[in-house]
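Commentary on secondary and tertiary structure
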Amino acid sequence: MKPLSELCSEHLKKSAAEMPSEEARTAPGNGVNTTPSTESPAHQNGALSSPDASQSQPPFSGATPPAQPPRDQWGGKYEFLLSCIGYCVGLGNVWRFPYLCYRNGGGVFLIPYFIMLFFTGMPLFLMELSLGQYGAAGPITVWKCCPLLKGIGIGMLCVSTLVCLYYNVIIAWTFYYLGSSFQSPLPWSCDALQNIALCANKTNSTQSPSEVFWNEKVLGVVHSTGLSDPGPVRWPLALCLLAAWIIIFLCMLKGIHSSGKVVYVTATFPYFVLVVLIIRGATLKGSLDGVAFYLTPKWDQLAEAQVWNDAASQIFYSLGIGVGGLLSMASYNKFDNNVIRDTIIITIGNCTTSFFAGFAIFSILGHMAWRKGVPVGEVADSGPGLAFVAYPEALALLPGSVFWSILFFLMLFMLGVDTLFGNMEGICTAVMDEFPQLRSNLKHKTLFLAVLCFSFYLMGLLLITDGGIYWFTLIDSFSTSFGLIIITLFMCIGISFFYGVNQFCQDIVDMICRCPPWCTKMLLYFKACWVVFTPFLLTFILTYIFIEMYRTSLRYGTYVYPMWGKALGVCMGAFCCLQILIWAIVAVSKESGTLKDRFKKSIRPLNSWRVNNINSQEQHVEPHTIEGPFTVNLTEADFTGMNWEAISEA
């Protein structure tokens, strides 16, 4: 194949001979190119073509496009890997996976879990990384590859906003517990003065000291009657929330140059703590009972749909797919980074972490059950109940409980901060790609980040009132529910059938310059998943979510949410996924011709999508050695949208 610069020169000479004047290439009155190409410029792998495709191309002005501010890049591949691992390995690995494992058949749960990983998690993870790295753009701008689907990026931004709103509240709770852990004895232990009477009267007591501390001291939920009665802001928590947002602001102030260095600590420290907790738990009496409870297989549960849905949802949410964080972090990669290798390392590492976290959790919960003389099932819990009630109570029973409590809540803080980095990076990258002047001006960027963090802080105050836990549960339940599944489903279908799955695979091969044979074979597997298996499994998850949403009521403890509260949650999820429809209508309305022609034009990549790719490659490959992908046909529109001579002489 000839180098791309020679192809460009030959095409320009041919065009000059066929069209001697500019007027011959331009239709009267509208100034757009109407010369038909010898072949259709449409994608040959799933996208549709149009004979008048060139009508939507802008006229050639002869001027070089304005230079964009330089895009940051990771300081090294380990920064990207650690950032992604820190983003994926979050609180759900510690407080959700172990509970789901014992509830859904123990060790048997690993079978549907890894099936969902290989057929849903890994393909979608690779799709987001590849799309961000190849396009070198955030979750909104990257959809220049298919303007019809720009709403997917907007929807990701909406989901990420809701997640950031409530996720930092968890970090505020962690701060509160971390500060309380420096007291001896721990304020939720039976040795504390305020709990002596409560622990002595076990027969009439309905709550343990850790439950009293959580519900009365931290949340204040006992002073609220429900969703409509939030009550006053709890100012100790408000200060913790403010401190959490200040830390996020400082760590993200210089973008990936600052957050990329922070992850060396925040992404590795939780692993150190987990290893220490596993070793300590293995030395405790009753720990084997807890591990047996965690892993004992119950084969009959494989036939239940709930088990498969829990496995899929855990894979989906623990990998952070569909909120734009992965796509944004990958956009700062070098163009030739091996995304397939990174996908395998990160996804397998994330799931392995979840599995081993279960040993750290259930070994100590087994000791707690042994001390109390009750079955392990009575002390096991999920979500905030595990992190802030059951496990702190178990730690309070250990010798040196203050040390273990500080270590545990430091780990929770690191896990939460890493995940929030990814979500915030998704929002910042999306906005700065749409407004590049923010990236080039440090003062404006700092002001934007400060306003963003302070806005999240003000909105988060609702979640730290007396009734804030009810709002927290509502947003947590619906922000990453059916709306996120629909967004991801459309992303998978759009890339596979509109952009073209063959073209997408070719893009991945183009990025991996020295693609080993195993990468090529893996692409065949991923292609089958993107076209068949992943959309099918996402549809299964979505159907199950809608059935459960209709059959069951939303609860927090004994409180049942009113219908208007559940309707509000449904509206939150619907608002996120409706962005796909709204922006698809906008994209179609901007084109001309019949409805069919407008649709065909709106699914074709913009010229600026190709320009971005060439600019990315220029940083690593000499222009005169670049070869055009054999699946792409160069048309007149490709040469009138940019100054090719300037590129070839760079």
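Residues numbered from 1 in each chain as written. Predicted model: local features only at pLDDT ≥ 70, side-chain atom pairs only at ≥ 80, totals over all residues. Heavy atoms only, no water.

For the chain, the count of helices and strands is 28 helices and 2 strands. The proportion of buried residues among the 650 residues of the chain is 57%. Within the chain, contacts between residues at least 6 apart in sequence are counted, and of these 84% link residues at least 24 apart. (Helix = DSSP H or I, 4+ residues; strand = E, 2+ residues; numbered from the N terminus. Buried < 20%, exposed > 50% of the residue type's maximum accessible area, 1.4 Å probe, protein only. Contact = heavy atoms within 4.5 Å.)

All right, on to the packing of aromatic side chains then. Considering all chains together, one arrives at 49 aromatic pairs under this definition. Ring geometry for Trp 173 versus Phe 388: centroids 5.8 Å apart, planes at 85°, classification edge-to-face. You can see Trp 173 sitting in helix 7 (residues 150–180) and its partner Phe 388 sitting in helix 17 (residues 384–396), a full 215 residues away along the chain. Take Trp 173 and Phe 388: they sit in the same class, and that class is buried. Centre to centre, the rings of Trp 188 and Phe 409 are 6.2 Å apart; their planes meet at 75°, and the pair counts as edge-to-face. One end of the pair, Trp 188, is in the loop between helix 7 and helix 8 (196–200); the other, Phe 409, is in helix 18 (residues 401–434), and 221 residues separate them in sequence. With respect to burial, Trp 188 and Phe 409 carry one shared label: buried. (Phe/Tyr/Trp six-rings, centres within 6.5 Å; stacked < 30°, edge-to-face > 60°.)

On inspection of all chains with the given rule, the structure shows 4 salt bridges. When the shortest N-O distance is used, the salt bridge between Arg 439 and Asp 433 registers 3.1 Å. Neither residue differs from the other here; Arg 439 and Asp 433 are each classed as buried. Here Arg 551 and Glu 548 are joined by a salt bridge, their closest N and O atoms 2.3 Å apart. Separated by 3 residues within a single helix, Arg 551 and Glu 548 lie in helix 23 (residues 517–551), roughly one turn from each other. The class of Glu 548 is buried, set by a relative accessible area of 19%. (Salt bridge = Lys/Arg side-chain N within 4 Å of Asp/Glu carboxyl O.)

Moving on: the packing of helix 9 (residues 209–219) against helix 17. Contact geometry for helix 9 and helix 17: axes closest at 8 Å, N-to-C directions at 140°. Of the possible angle classes, the one that applies to helix 9 and helix 17 is oblique. Our pair here, helix 9 against helix 17, has a crossing hand that is right-handed. Judged by residue contacts, Ser 210, Glu 211 and Trp 214 of helix 9 engage Pro 384, Phe 388, Val 389 and Glu 393 from helix 17. (Axes fitted to C-alpha atoms, helices over the stretch in contact; angles between N-to-C directions. Parallel < 35°, antiparallel > 145°, perpendicular 65-115°, else oblique. Left-handed = near helix turned anticlockwise from the far one by under 90°.)

To continue, consider the state of the cysteines. Evaluated as defined, the whole model comprises 1 disulfide. Here Cys 190 pairs with Cys 199 through a disulfide, and the sulfurs are 2.0 Å apart. Linking Cys 190 and Cys 199, the disulfide has an S-S dihedral of approximately -85° and is accordingly described as left-handed. The structure places no disulfide on Cys 88, whose sulfur is separated from the nearest cysteine sulfur, that of Cys 84, by 6.2 Å. Assessed through its relative accessible area of 2%, Cys 88 is described here as buried. With no disulfide of its own, Cys 145 lies 6.1 Å from the sulfur of Cys 146, the closest cysteine sulfur. (Disulfide = S-S within 2.5 Å.)

So, about the nonpolar core. Counting 200 residues, the largest nonpolar core has Trp 173, Trp 245, Leu 365, Met 424 and Trp 530 as its most contacted members. Ranked by residues supplied to this core, first place goes to helix 7 with 20 residues. The residues touching Trp 530, leaving out its near neighbours within four places in the chain, are Pro 123, Leu 124, Leu 126, Met 127, Cys 492, Ser 496, Val 501, Phe 504, Cys 505, Ile 508 and Pro 535. (Core = buried A, V, L, I, M, F, W, Y, C linked by side-chain atoms within 4.5 Å.)

Right, let's talk about helix 21 (residues 468–479) for a bit. With 12 residues, helix 21 should cover 16 Å at 1.5 Å per step; its first-to-last C-alpha distance of 16 Å lies within 8% of that length. Burial analysis of helix 21 places 10 of its 12 residues in the buried class, the great majority of the element. Burial in helix 21 covers these residues: Gly 468, Ile 469, Tyr 470, Trp 471, Phe 472, Thr 473, Leu 474, Ile 475, Phe 478 and Ser 479. (Expected span 1.5 Å × (residues − 1).)

This part is about the confidence of the model for the chain. Averaged over every residue, the pLDDT of the chain is 80; the share at 70 or more is 82%. Note that residues 1–65 has pLDDT below 50 and, in this model, 101 contacts with residues that lie over four places away or in other chains. Every residue in residues 615–632 scores below 50 in pLDDT, and together they form 33 contacts with partners more than four places removed in sequence or on other chains. (pLDDT = per-residue confidence, 0-100.)

Here we come to the environment of Gly 281. Mapped onto the elements of the fold, Gly 281 is located in helix 12 (residues 269–282). Since its relative accessible area comes to 0%, Gly 281 is described here as buried. Separated by 78 residues in sequence, Gly 281 and Phe 359 have C-alpha atoms that sit 8.2 Å apart. Once you skip the residues sitting within four places of it in the chain, Gly 281 turns out to touch Ser 287, Ser 363 and Ile 364.

Of note, the bond from Ser 184 into Pro 185 is cis; its omega dihedral lies within 30 degrees of zero at 0°. Here Pro 185 shows up in the loop between helix 7 and helix 8. Backbone geometry places Ala 136, a non-glycine residue, at a positive phi of 50°.

In this section: a nonpolar patch on the surface. A cluster of nonpolar side chains, contributed by Ile 493, Phe 497, Val 531, Val 532 and Phe 533, occupies part of the molecular surface with about 380 Å² of accessible area. At the level of elements, helix 22 (482–511) and helix 23 are the ones that each hand at least two residues to the nonpolar patch. Counting residues per element, the nonpolar patch draws most heavily on helix 23, which supplies 3 residues. Locating Phe 533 in the fold gives a position in helix 23. (Patch = residues over 30% accessible without salt bridge, like charges linked within 9 Å, V, L, I, M, F, W, Y side chains within 5 Å. Areas by Shrake-Rupley, 256 points an atom, 1.4 Å probe, with all protein chains shown as cover.)

Here we take up helix 20 (residues 442–460). Between its terminal C-alpha atoms helix 20 stretches 27 Å, which fits the 27 Å expected from 19 residues at 1.5 Å a residue. Lys 445, Phe 448, Leu 449, Leu 452, Cys 453, Phe 456, Tyr 457 and Gly 460 are the residues of helix 20 that are buried. Looking at the packing, one finds that the buried side of helix 20 touches helix 7, helix 10 (235–251), helix 18 and helix 19 (437–440). The distance from a side-chain oxygen at the start of helix 20 to the backbone nitrogen of Lys 443 is 3.0 Å, and the residue carrying that oxygen is Asn 441. (Polar contact = N/O pair within 3.5 Å; in protein donor to acceptor, adjacent residues only side chain to side chain.)

Before going further, it helps to spend a moment on the packing of helix 17 against helix 18. Here helix 17 crosses helix 18 at 150°, and the two axes come no closer than 9 Å. The angle between helix 17 and helix 18 falls in the class roughly antiparallel. Here helix 17 and helix 18 pass one another in a crossing that is right-handed. Listed contacts from helix 18 to Ala 387, Phe 388, Tyr 391, Pro 392, Leu 395 and Ala 396 of helix 17 are Ser 401, Trp 404, Ser 405, Phe 408, Phe 409 and Leu 412. Per-class residue counts for the contact of helix 17 with helix 18 are 10 nonpolar, 2 polar and no charged. (Nonpolar A, V, L, I, M, F, W, Y, C, P; charged D, E, K, R; others polar.)

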